[in-house]
Amino acid sequence: MTQPLSPAQIVRSGLCIGCGTCASGADAAMAWDDYGQLKPSGPATHRRSEGFAALCPFSPSAANEDTIAAARFPDAPLLDARLGRHVSCYVGAAAEPPFRERGSSGGMVSWVAAELMRRGEIDGVLHVHPGNPGEPFFGYRISRSEEELLAGARSRYHPVHLAAVLDQVRASPGRYAVVGIPCFIKAVHLARAQDPVLAERITHMLGLFCGHMKSARFVESFAWQLGAEPDRVRAVEYRLKDANRPANWYTAHLTLDDGSTVQKDWFHLADGDWGAGFFQNSACNFCDDVVAETADVSFGDAWVEPYSSDGRGTNVVVVRAPLIQHLIDEARADGRLDLEPVDADFVAGTQAAGFRQRREGLAYRLTWFRRGIRPIKRVTPSASGIGWRRKLVYRTRAAISRASHRMAWLAAAAGRPQIYVGWASQAYSVYEGLTYCRGRLAPVFDRIGRVATWRPGGTRLP
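The model shown is predicted, which means the values in this text are computed figures rather than measured ones.

### Looking at the overall build of the protein
Of the regular secondary structure elements, the protein holds 17 helices and 17 strands. The globule rule puts the C-alpha radius of gyration for 462 residues at 23 Å, and the 22 Å found for the protein is close to it. Each of the three principal axes of the protein carries a C-alpha extent, and together these read 70 × 55 × 50 Å. For the protein, the proportion of its 462 residues judged to be buried stands at 54%. Sequence separation of 24 or more characterises 69% of the internal contacts of the protein that already satisfy a separation of 6 or more. For the protein, the accessible surface area stands at approximately 19,400 Å², while carbon and sulfur atoms represent 53% of it. Once the 55 positive and 47 negative side-chain charges of the protein are each reduced to a mean point, those two points are 10 Å apart.

If you want it as structure tokens, here you go:
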């Protein structure tokens, strides 16, 4: 029997990703918390129900990715523990202009969405757009033309929610595709299972590989470090594309209220190392899906050479639905797509750090004491086989994720950005020394390692 749960319980347990499915069609709304994250609010969030327990993507009672994928793709011929069920994998980009040029990577997400629209398979696409003046920087909208679709291209590492667009789908008959990160795609599947209108109208799922979700205060940190007042920021680009520079050289770019711009490469920012986990949503510590295993097709960046040095951007693509495979086959034959087949190992290799965090790291985190609801994942809790240094990396990453929210809040409240920026620099020194064996603290950790792994009598510990 499913244990009734409420959104408030999920929030208190640090398991709310802010997807908004519980606020759609309910006596609730999505609101910003003090840390720049979206959370459900209103009377309905305190009501426990079995329906919500089966709806929330991080609920221990919800169907997991394996169950959803088995029902969605029963005939998929390939099964991989990292990628899930699939038909094929590719590396490459959209050759048909202007998709690669307008996207942050190889343009494949927008190309597939546009091709579905051109062929009459869908009437609109639910995806993230820049916000209008006076609105949050980004939010979900429904695009009904190729130009609207391209206006929402590029990466958006910012909290968004699905509540409003799901309400629009209920009010507007038609067929829709949704683009989202793994937990959002899973949330839509769970919502479709409870709502026949959504099940009929949301017909295609396009997934994005994901490292973790950032809070809105990430933009505030950009502004502080670029010498701008956060209140003056009007637009954000997280990845300013430049074909003459490697694709993995991210550049933060802010447009201010007077039309001027400021920018800086991420590797010059105190919190610019994605893997360190600054401003990470706590629910991301309990995710085991890197590649959107429940999506009809999913897309990531090809973070291996020679592709990561190609500033034009390159995608890896995992196909699961027969229709998407048909579209890709035809377009490759016509020269509209420049894609080469690869295997699951190649795709997993492009996301090696993400899989380590969501497999070994998750197994270790599941052994830690925690209050509230305990998540049930496909990874078995275990601390065995993880060396002391790697355990400290996971502990440090979790501590940075947790403390960055608090330090940024304190800095903003005190009107002293250096409180956060100085702390972030020191925290990253610890992380850098542990993880990469570089920086001023690296020799300290190296000495600790030599002592920790040496048994009296001169033999090394296993």
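### Some points on the sheet that holds strand β10 (residues 233-237)
Taken in spatial order, the 3 strands line up as β10-β11-β12 in an open sheet, and their pairing is antiparallel. Two strands bound the open sheet, and with one partner strand each, they are β10 and β12 (261-265). The average angle at which neighbouring strand axes cross in this sheet is 20 degrees, direction not considered. Relative to β12, strand β11 (residues 251-256) runs antiparallel, the two sharing 5 bridges. Looking at the pairing, Ala252 lines up with Lys264 of β12. Contacting β10, β11 and β12, helix α10 (residues 217-225) crosses the sheet at an angle of about 85 degrees to β11.

### A short note on the environment of Ile185
Within the secondary structure, Ile185 is located in helix α8 (residues 182-194). Between the C-alpha atoms of Ile185 and Arg154, which are 31 residues apart in sequence, the distance is 18 Å. Setting aside anything within four residues of it in sequence, one finds Ile185 in contact with Val178, Val179, Gly180, Met205, Leu206, Gly207, Thr294 and Ala295.

### Comments concerning the sheet that holds strand β14 (residues 315-319)
Pairing between the strands of a sheet is mediated by backbone hydrogen bonds and can be parallel or antiparallel. Across the sheet, 8 strands lie side by side as β7-β6-β8-β9-β13-β14-β5-β15; this open sheet has mixed pairing. In the strand order of this sheet, the two ends are held by β7 (138-143) and β15 (337-342), each with one partner. Neighbour-to-neighbour, the strand axes of this sheet turn through a mean angle of 25 degrees, independent of strand direction. The pairing of strand β13 (residues 297-301) with β14 spans 5 bridges and is antiparallel. Counted as the bridge partner of Asp301 is Asn315 from β14. Contacts from α8 reach β7, β8 (176-180) and β9 (202-208) within the one sheet, and its direction differs from that of β9 by about 160 degrees.

### Some words on the side chain of Gln325
Within the secondary structure, Gln325 sits in helix α11 (residues 322-334). The buried category is assigned to Gln325, whose relative accessible area is 11%. Not counting the four nearest positions on each side in its chain, Gln325 is found in contact with Val87, Ser88, Tyr90 and Val319.

### Some points on helix α5 (residues 108-118)
Summarising burial for α5: 9 of the 11 residues are buried, a large majority. For α5, the full list of buried residues reads Met108, Ser110, Trp111, Val112, Ala113, Ala114, Glu115, Leu116 and Met117. Backbone geometry just downstream of α5 places Gly120 in the positive-phi region, at approximately 80 degrees.

What counts, and where the lines are drawn
Residues numbered from 1 in each chain as written. Predicted model: local features only at pLDDT ≥ 70, side-chain atom pairs only at ≥ 80, totals over all residues. Heavy atoms only, no water. Helix = DSSP H or I, 4+ residues; strand = E, 2+ residues; numbered from the N terminus. Rg over C-alpha atoms; globule rule 2.2 N^0.38 Å. Buried < 20%, exposed > 50% of the residue type's maximum accessible area, 1.4 Å probe, protein only. Contact = heavy atoms within 4.5 Å. Areas by Shrake-Rupley, 256 points an atom, 1.4 Å probe, with all protein chains shown as cover. Lys, Arg positive; Asp, Glu negative; His and termini not counted. Charge placed at Lys NZ, Arg CZ, Asp CG, Glu CD. Pairing = 2+ DSSP bridges. Axes fitted to C-alpha atoms, helices over the stretch in contact; angles between N-to-C directions.

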